[in-house]
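So you can see what is in the structure, the chains are spelled out below.
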Amino acid sequence: MPTVATGRRAITEAPIEEILSMRWSPRSFDPAAVVTDEQVTSLLEAARWAASASNVQARRFVVGKRGTDTFDRIERHLMGFNRLWAPNASLLVLAIAVTAPEGDEPAGAYRWAEYDLGQSMANLASQAHALGLHAHPMGGIEVDDLRREFALPERFVPITVTAVGTVGSPDLLPEKYRLRETAERTRLPLDELVLARD
């Protein structure tokens, strides 16, 4: 059996904190692993305490453990390859951007809501790693169907679903995806990402 890829340190151009260099997003999750209520609360607390523009906290979450109705209701609206691997995760978290306050404000009044949500999910992913778990966010979701599934108002926009759990063997994945699970992690170099720096 191949070694489970849990030690995949990023090769960085400068030193960064270990919790950041070791964070990665597996697709192979152990289908027998469970998360505790305490772990779920810890993940959500990390998300709750992320930075927030004007402290509006323009984010909401729907959280389901594997084996629950909520998990199934989220999982059925994943798209493509996500439907093959994500059901093995211990937890699915639907991340929602709140784009306007309640009332007559125009949609998009909180134009930074997706950024705000992204910060909270980055906190959640880092906290998952600190707990010995891993998180994999997915953009391949059926946005309108998820909105209907959970009766979300128009100003609540589903952005991602994140799978959380314990890393499993790459053998759990279809053969053509196994190499991706253990491939070297890469990022664009800083001189391509940074447009100006003085």
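Above this text you will find the structure in question.
From a predicted model like this one, the values you see are computed outputs, not experimental measurements. (Residues numbered from 1 in each chain as written. Predicted model: local features only at pLDDT ≥ 70, side-chain atom pairs only at ≥ 80, totals over all residues. Heavy atoms only, no water.)

Trainee: Where do I start with the overall build of the chain in this structure?
Mentor: In terms of regular secondary structure, the chain is built from eight helices and four strands. Counted from the first residue to the last, the chain has its helices and strands arranged as α-α-β-α-α-β-α-β-α-β-α-α. A globule of 198 residues ought to have a C-alpha radius of gyration of about 16 Å, and the chain, at 18 Å, matches this closely. Dimensions of the chain, computed from C-alpha atoms along their principal axes, come out at roughly 55 × 50 × 30 Å. (Helix = DSSP H or I, 4+ residues; strand = E, 2+ residues; numbered from the N terminus. Rg over C-alpha atoms; globule rule 2.2 N^0.38 Å.)

Trainee: Would you mind going over the sheet that holds strand S3 (residues 134-138) with me for this structure?
Mentor: Strand pairing in a sheet relies on backbone hydrogen bonds. The paired strands run either parallel or antiparallel. The strand order across the open sheet formed by four strands is S1-S2-S4-S3, and the pairing between neighbours is antiparallel. Pairing within the sheet leaves two strands with one partner each, and these edge strands are strand S1 (59-65) and S3. For this sheet, the mean inter-axis angle between neighbouring strands, taken without regard to orientation, is 25°. Where S3 lies against strand S4 (residues 156-165), five bridges are found, and the strand directions are antiparallel. Its bridge partner lying in S4, Met-138 is registered against Val-161. Lying on the sheet, helix H2 (residues 37-48) is in contact with S1, strand S2 (91-98) and S4; it crosses S1 at an angle near 165°. On the sheet, helix H5 (residues 113-130) packs against S1, S2, S3 and S4 and is oriented at approximately 155° with respect to S2. (Pairing = 2+ DSSP bridges. Axes fitted to C-alpha atoms, helices over the stretch in contact; angles between N-to-C directions. Contact = heavy atoms within 4.5 Å.)

Trainee: For this particular structure, what's the right way to read the pattern of salt bridges?
Mentor: Summed over the entire model, instances satisfying the criterion amount to 10 salt bridges. Its salt-bridge partner being Arg-83, residue Glu-75 comes within 3.0 Å of it at the nearest N-O pair. Take Glu-75: its relative accessible area is 14%, and that puts it in the buried class. Arg-83 sits in the partly exposed class, given a relative accessible area of 37%. Several salt bridges share partner residues, and in doing so they unite Arg-73, Arg-76 and Glu-149 into one network. (Salt bridge = Lys/Arg side-chain N within 4 Å of Asp/Glu carboxyl O. Buried < 20%, exposed > 50% of the residue type's maximum accessible area, 1.4 Å probe, protein only.)

Trainee: What am I meant to see in the nonpolar core here?
Mentor: For soluble globular proteins, nonpolar side chains are generally found buried alongside one another. Core analysis: the largest hydrophobic core is formed by 42 residues, its most contacted members being Trp-85, Leu-92, Leu-94, Met-138, Val-161 and Val-164. Counting only elements with at least two residues in this core, the list comes to H2, helix H3 (69-75), S2, H5, S3 and S4. For this core, the leading source of residues is S2, giving eight residues. Those residues in contact with Leu-94 that lie beyond four places of it in its chain are Arg-60, Phe-61, Val-62, Ile-74, Leu-146, Phe-150, Pro-158, Thr-160 and Val-161. (Core = buried A, V, L, I, M, F, W, Y, C linked by side-chain atoms within 4.5 Å.)

Trainee: Would you mind going over H5 with me for this structure?
Mentor: Structurally, the α-helix is built with 3.6 residues per turn, so residues lying three or four positions apart point the same way. Taking 1.5 Å per residue as the helical rise, H5 with its 18 residues ought to reach 26 Å, and the 26 Å between its terminal C-alpha atoms agrees with that figure. Those residues of H5 that fall on the buried side of the exposure criterion are Ala-113, Asp-116, Leu-117, Ser-120, Met-121, Leu-124, Ala-125, Ser-126, Ala-128 and His-129. If you follow the buried residues of H5, they end up packed against helix H1 (18-21), H2, S1, S2, S3 and S4. Where H5 terminates, the next one or two residues include Gly-132, which has phi positive at roughly 85°. (Expected span 1.5 Å × (residues − 1).)

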